[in-house]
Amino acid sequence: MPTKQNRLYAAMRLVPVAAAASMLFLSTAQTAGANPHILVDVSTGRVLDQQEAFRRWYPASLTKLMTTYVTFRALQSGQIKLDTPVVMTKLSAGQPPAKMYFKPGQKLTLDNALKMMLVKSANDLAMAVAETVGGSQQGFVARMNAEAARLGMRDSHFINPNGLPGKGQYTTARDLAILSVALRREFPQYAGYFSLEGFTNGVKQVPNINMLIGRFDGADGMKTGFICASGFNQIASATRNGRTLISVVLGTDSLAARADDSANFLEKGFQNQLSGSETLATLRPGAPLSNEVADVTADICSAKGAHARSETRDPFGRTKVQSPYIHEMDHEPNFIYAGLIGGQDVATAVKGDKDDATANGDKASKGDKIAVSGRAANVPIPIPRPTF
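Not measured: the values here are computed from a predicted model.

Another aspect to go through is the UniProt feature "active site" (unreviewed entry) in the protein chain. Residues annotated in UniProt with the feature "active site" (unreviewed entry) correspond here to S61, K64 and S121. Separation in sequence by 61 residues is not matched in space for these annotated residues, since their most distant C-alpha atoms are only 7.8 Å apart. With respect to the helices and strands, the residue S61 is situated in the loop between β3 (47–51) and α3 (63–77). With relative accessibility at 1%, the residue S121 sits in the buried group.

Given below as structure tokens:
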């Protein structure tokens, strides 16, 4: 791997704290706190567990799932095809990191754009896809909000296709579960986009930042997100014996915490330790709702947040996970090809996001490194950047 990339991406090492049954859900108890979460069975829509599921929250890059849903609907209607060219514009190329650093005028297929957007959480490609599908950012955002209303996402509103910070962009754990279930139910043919282990443009390899992919039994999606105001968010899905569960975890204080909580909630659901009579359609808030959107910047992008993250790293800077259900990869990662349309300069297609940590005032993620040793020593995991 090139020296520059080595400075940015470390091989991921999972450092389990405990695997004993008595420690089964230590991570969730310690990190989830009052943070919103929800666990749902995809086939039935039954809510197995939830807390603060109607609390308004910044979605960060979980927004890209709505961008994906609108795009899938356009594919379904025949408006576009997977080989439709996505052309980088000045607006899309100018989006803050995390990004692919493509230049205005460069082209790639919609298929490859979706792969890069979902694996790397590339903000520039989310905008380029939006302009391709909607004709403009404004046109696409109108579609996003129309689809949200149609799906019954009553407490969601979008202002951009990538999740970068801004007033008026909010959602809830319950609404994100509705969206995620719709993606899995309506578009099973596209489910593979959410479980990619990474992609290569023929020059560099870009891994999926979702720590559960390849490391939690049955994991097959879906998306992570981070900005200072939201903390570390994750929508995780897994399938075992034909049963798919989806968990939404919002506002944790580290990469490790969101992975631990996601794994523990999913495992508890598969072990049938959770049950509920409500569905996503019948679930109602237990108290009057506030229109205020939670903002955890003071807890995340601060000395307090940096200290919390330091507690999740070993002396070598590698992430320590507490969930006994997250393990090292037992195979070589599969990096699928995704690049620009032929004849262009692939050397510019993937660039290290060296300065991403300071984008949008984000100082919290600076220096966060993740690595896994042993059999998965060659699996790099990106440093968290806004927004993913």
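On we go.
Attention now moves to the side chain of K99. Its location among the elements puts K99 in the loop between α4 (90–93) and β5 (107–109). For the buried residue K99, which engages in no salt bridge, the nearest side chain bearing the opposite charge is D124, 5.2 Å off. A polar side-chain atom of K99 sits 2.7 Å from the main-chain carbonyl oxygen of A93. For K99, the side chain forms a polar contact with the main-chain oxygen of Q95, separated by 2.7 Å.

So, on to helix α8 (residues 173–186). Taking 1.5 Å as the rise per residue, α8 with 14 residues should run 20 Å; its terminal C-alpha atoms sit 20 Å apart, in good agreement. For α8, the set of buried residues is A173, R174, D175, L176, A177, I178, L179, S180, V181, A182, L183 and R184. Looking at the packing, one finds that the buried side of α8 touches β2 (37–41), α3, α7 (137–151), β8 (219–227), β9 (231–240) and β10 (243–252).

Tracing the backbone through its elements, the reader meets H327 in the loop between α11 (303–310) and β11 (336–337). Overall, the relative accessible area of 30% leaves H327 in the partly exposed class. Sequence separation of H327 and M211 is 116 residues, and the distance between their C-alpha atoms is 9.6 Å. Here the side chain of H327 touches D217 through a polar contact of 3.0 Å, side chain to side chain.

Tallying each qualifying case throughout the model produces 8 aromatic pairs. Relative to F187, the ring of Y69 lies with its centre 5.8 Å away and its plane at 75 degrees, an arrangement referred to as edge-to-face. Note that Y69 is positioned in helix α3 and F187 in the loop between α8 and β6 (198–200), a separation of 118 residues in sequence. F187 matches Y69 in its accessibility class, with the two residues each being buried. Look at F226 and F232: their rings are 4.3 Å apart centre to centre, the planes differ by 25 degrees, and that puts the pair in the stacked class. Like F232, F226 is buried. Among the aromatic side chains, those forming a connected cluster through ring pairs are Y69, F72, F187, Y190, Y193 and F194. Directly above the ring of Y101 sits K99, whose terminal nitrogen or CZ lies 5.3 Å from the centroid.

What counts and how
- Residues numbered from 1 in each chain as written.
- Predicted model: local features only at pLDDT ≥ 70, side-chain atom pairs only at ≥ 80, totals over all residues.
- Heavy atoms only, no water.
- UniProt positions renumbered as here; feature names shortened; annotations may be inferred.
- Helix = DSSP H or I, 4+ residues; strand = E, 2+ residues; numbered from the N terminus.
- Buried < 20%, exposed > 50% of the residue type's maximum accessible area, 1.4 Å probe, protein only.
- Lys, Arg positive; Asp, Glu negative; His and termini not counted.
- Salt bridge = Lys/Arg side-chain N within 4 Å of Asp/Glu carboxyl O.
- Polar contact = N/O pair within 3.5 Å; in protein donor to acceptor, adjacent residues only side chain to side chain.
- Expected span 1.5 Å × (residues − 1).
- Contact = heavy atoms within 4.5 Å.
- Phe/Tyr/Trp six-rings, centres within 6.5 Å; stacked < 30°, edge-to-face > 60°.
- Lys NZ or Arg CZ within 6 Å of the ring centre and 35° of its normal.

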